[in-house]
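Fold and geometry: a report
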Amino acid sequence: MTATIALDDLVAALPDGAVITHPDIIAGYRQDRALDPDAGMPSAVVRARSTDDVVAAVRWCATNSVAIVPRGAGTGLSGGSSGVDGCIVISTEAMRDIHVDPVMRTATVQPGLLNAEVKAAVAEHGLWYPPDPSSFEICSIGGNAATNAGGLCCVKYGVTTDYVLGMEVVLADGRAVRLGGPRLKDSAGLSLVKLFVGSEGTLGVITELTLRLLPPQPAASTVVGSFSSVHDATEAVLAITNTIRPAMLEFMDSVAINAVEDHLRMGLDRGAGALLVAQSDSPGEAAAAEIAVIVDAFEANNASEVFSTDDPEEGEAFTVARRMAIPAVEKLGSLLLEDVGVPLPKLPHLVDGIAAIADARDVMISVIAHAGDGNTHPLIVFDPDDADQSARAHVAFGEVMDLAIGLGGTITGEHGVGRLKKPWLPNQVGEDVMDISRKVKAALDPHGLLNPGAVF
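Residues numbered from 1 in each chain as written. Predicted model: local features only at pLDDT ≥ 70, side-chain atom pairs only at ≥ 80, totals over all residues. Heavy atoms only, no water.

A few points about the sheet that holds strand β12 (residues 274-280)
As summarised here, the arrangement of the seven strands in space is β13-β10-β12-β11-β15-β16-β14, forming an open sheet in which the pairing is antiparallel. One side of each edge strand has no neighbouring strand; the edge strands of this open sheet are β13 (303-309) and β14 (334-337). Neighbour-to-neighbour, the strand axes of this sheet turn through a mean angle of 15°, independent of strand direction. Both strand β10 (residues 221-227) and β13 contribute to a ladder of six bridges, which runs antiparallel. What sits directly across from F227, in β13, is A303. This element, helix α11 (residues 312-323), spans β10, β11 (248-253), β12, β13, β15 (364-370) and β16 (375-382) of the sheet and lies at about 50° to β11. (Pairing = 2+ DSSP bridges. Helix = DSSP H or I, 4+ residues; strand = E, 2+ residues; numbered from the N terminus. Axes fitted to C-alpha atoms, helices over the stretch in contact; angles between N-to-C directions. Contact = heavy atoms within 4.5 Å.)

Put into structure tokens, the structure is as follows:
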């Protein structure tokens, strides 16, 4: 059977229009937001609308030994959905059904819905889906599950895996299996749901998720602190988290502050070395007590200005500012975007170490962070047309990961390993863990067809 005939068989196995072969359209699926320069060119894109479509596509790939790259909204930042030459990209962007059960407080969703759309749909039933990546308006819920995404409120409310009760997933041989379900307690058998959340499409293609929901988040009070020193700001973070768990505790350095101010013009202090945005959503007097802890921590660590508000719109304006940090800094040049995290007591050492790397390599590294849980996003800004600067930026990229590992941290807190970070994974987890991981991969995908080149 020739490749052309085999592709014709794929087209015949799926609904009209599901298989895309036009080169210009396929090229748009070659890279995700990480813009991996080494991404390959797919042979075709399957825009699945149902689990049956995914099953048909995976079975065709298994029969013809063709690589599969699962893809959501394409907003990944570690190259997890970068194309592979000759692969079939299975896009779940058109899989958009949702059913909300307000009694069980669950939502059954297809993976193509955006995080923001899930939030809006469940809010109509008086419920809340907490995980909130900064890109919540453009990232898909399936991609969130694939990378175990976090977000701004995860310091108090947890990350995606804490809210996935069940899923349907298509395995490498084309079987669709259901794992878990709409049960708040279930300890029957191995925790396979946890295995697949964060597996980045290397073990199966997620086609449905059952999500745990909460009552609406209470109104939040916000405290904003400006600091002349990044180190002082990170010490303030430790002073807060040693006492309370805030609903939000976010960090921006001077580069991010000025980039955001250029974009939003909201009066941020351009002379500040760092900005912290903290929130409490505890009820009544508990909120006042938490706000007092935050204010005291800011002032005790030399904040030059402290602003507090109970006004939801004012608080949201600072939340928006923090969410805008990556796209705002992106306007300064091309980015190598890190996602390293460390145990909280090591946060000042990480931030100071990143500054030292930036100085030694003569590159700009802007640091933003979900500071309350030690998850930082160092943004390495460089000119890709300057070969020397580009080389120094890539060296710095690796050195930041080495620094995080050396501090007992991780190379990724929420973006995934993808293809861009996998050389550093063995250094973090060790060869025994890598061996176990490869055996799990081989058991579920013996021919290595699912997202080859990612993670492993």
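Description of the layout of surface pockets
There is about 960 Å³ of room inside the largest pocket. Around the largest pocket, the lining is made up of 50 residues, and of these T75, G76, S135, C139 and N144 lie nearest the centre. Contributions of two or more residues to the lining of the largest pocket are made by β3 (68-71), α5 (141-147), β9 (205-212), α11 and α12 (325-330). Ranked by residues supplied to the lining of the largest pocket, first place goes to α5 with five residues. Among the residues forming the lining of the largest pocket, the class breakdown is 17 nonpolar, 24 polar and nine charged. In this model, the second largest pocket occupies a volume close to 660 Å³. Of all the elements, β14 adds the most residues to the lining of the second largest pocket, at four residues. Looking at the lining of the second largest pocket, its residues break down into 16 nonpolar, six polar and seven charged. (1 Å grid on protein atoms, 1.4 Å probe; cavity = no way out; pocket = protein on both sides within 12 Å on 5 of 7 lines; lining within 4 Å. Points joined across faces, edges and corners; volume = space filled by probe spheres on them. Nonpolar A, V, L, I, M, F, W, Y, C, P; charged D, E, K, R; others polar.)

A few points about the UniProt feature "domain: FAD-binding PCMH-type" (unreviewed entry) in the chain
As annotated by UniProt and renumbered to match this structure, "domain: FAD-binding PCMH-type" (unreviewed entry) occupies residues 38-216. When the span residues 38-216 is considered, its composition is 22% helix and 22% strand, and the gap between its end C-alpha atoms is 43 Å. (UniProt positions renumbered as here; feature names shortened; annotations may be inferred.)

A few points about a negative patch on the surface
Residues D310, D311, E313 and E314 make up a contiguous surface patch of negative charge. Positionally, D311 belongs in the loop between β13 and α11. Owing to a relative accessible area of 35%, D311 belongs among the partly exposed residues under this scheme. (Patch = residues over 30% accessible without salt bridge, like charges linked within 9 Å, V, L, I, M, F, W, Y side chains within 5 Å. Areas by Shrake-Rupley, 256 points an atom, 1.4 Å probe, with all protein chains shown as cover. Salt bridge = Lys/Arg side-chain N within 4 Å of Asp/Glu carboxyl O. Lys, Arg positive; Asp, Glu negative; His and termini not counted. Charge placed at Lys NZ, Arg CZ, Asp CG, Glu CD. Buried < 20%, exposed > 50% of the residue type's maximum accessible area, 1.4 Å probe, protein only.)

Details of the packing of helix α8 (residues 230-241) against helix α13 (residues 347-361)
The packing of two helices is summarised by the inter-axis angle and the distance between the axes. Two elements in contact, α8 and α13, have axes separated by 9 Å at closest approach and are oriented at 160°. Considering their axes alone, α8 and α13 lie roughly antiparallel with respect to each other. Once α8 is placed against α13, the crossing between them reads as right-handed. The residues of α13 that touch α8, namely those facing V230, H231, T234, E235, V237 and L238, are L347, P348, V351 and D352. Class assignment of the residues belonging to the contact of α8 with α13 gives a composition of six nonpolar, two polar and two charged. (Parallel < 35°, antiparallel > 145°, perpendicular 65-115°, else oblique. Left-handed = near helix turned anticlockwise from the far one by under 90°.)

Overview of helix α9 (residues 254-264)
Those residues of α9 not exposed but buried are A256, I257, A259, V260 and E261. Structurally, α9 contributes buried residues whose contacts are with β11, β12, α11, α12 and β15. The opening residue of α9, the one whose side-chain oxygen lies 3.2 Å from the backbone nitrogen of V255, is D253. Residue R265 follows α9 closely and has a positive phi angle near 50°. (Polar contact = N/O pair within 3.5 Å; in protein donor to acceptor, adjacent residues only side chain to side chain.)

A look at the side chain of Q279
Of note, Q279 is situated in strand β12. Here Q279 falls in the buried class, since its relative accessible area comes to 9%. A polar atom in the side chain of Q279 sits 3.4 Å from the side chain of T319. Apart from residues lying up to four places away in sequence, Q279 is in contact with A220, S221, T222, P246, A247, M248, G315 and T319.

Here's the deal with the sheet that holds strand β7 (residues 164-170)
Spatial strand order, β5-β6-β9-β7-β8: five strands in an open sheet with antiparallel pairing. Of all strands in the sheet, those with a lone pairing partner are β5 (98-101) and β8 (176-180), marking the two edges. Strand-to-strand twist in this sheet, taken as the mean axis angle between neighbours without regard to direction, amounts to 15°. Against the sheet, helix α3 (residues 51-64) makes contact with β7, β8 and β9, and its axis sits at roughly 45° relative to β7, the strand it touches most. Contacts from helix α4 (residues 115-123) reach β5, β6 (106-109) and β9, with the element oriented near 40° to β5.

Some thoughts on the pairing of β11
Counting buried positions along β11 gives six out of six residues, so the element sits mostly inside the fold. The pairing of β11 with β12 spans six bridges and is classified as antiparallel. Opposite F251, over in β12, you have L276 as the bridge partner. Of the strand pairs in this sheet, β11 and β15 are connected by two bridges, and their pairing is antiparallel.

As for the nonpolar core
The biggest cluster of nonpolar side chains holds 49 residues, and the ones touching the most others in it are F227, F251, L276, I294, F298, I365 and I380. With 28 residues, the next largest nonpolar core counts V100, W128, L179 and I206 among its residues. (Core = buried A, V, L, I, M, F, W, Y, C linked by side-chain atoms within 4.5 Å.)

Quick notes on the side chain of N451
The topology assignment puts N451 in the segment after α16 (431-444). N451 gets classed as buried once you look at its relative accessible area, which sits at 1%. The contact partners of N451, leaving out residues within four places of it in the chain, are I68, V69, P70, G80, E200, G201, T202 and R419.

Digging into the pattern of salt bridges
Under the criterion given, the structure shown has 17 salt bridges. E117 is the salt-bridge partner of R96, the closest N and O atoms lying 2.8 Å from each other. In this pair, R96 is assigned in the loop between β4 (88-91) and β5 and E117 in helix α4, connecting sequence segments 21 residues apart. Of the residues examined, E117 reaches a relative accessible area of 27% and is grouped as partly exposed. Ionic pairing is found between E399 and R361, a salt bridge with its closest N-O pair at 2.5 Å. Of this pair, E399 sits in helix α14 (residues 387-406) while R361 sits in helix α13, and the two are 38 residues apart along the sequence. Assessed through its relative accessible area of 22%, E399 is described here as partly exposed. Each of E168, R178 and E208 takes part in salt bridges that share partners, so that together they form one network.

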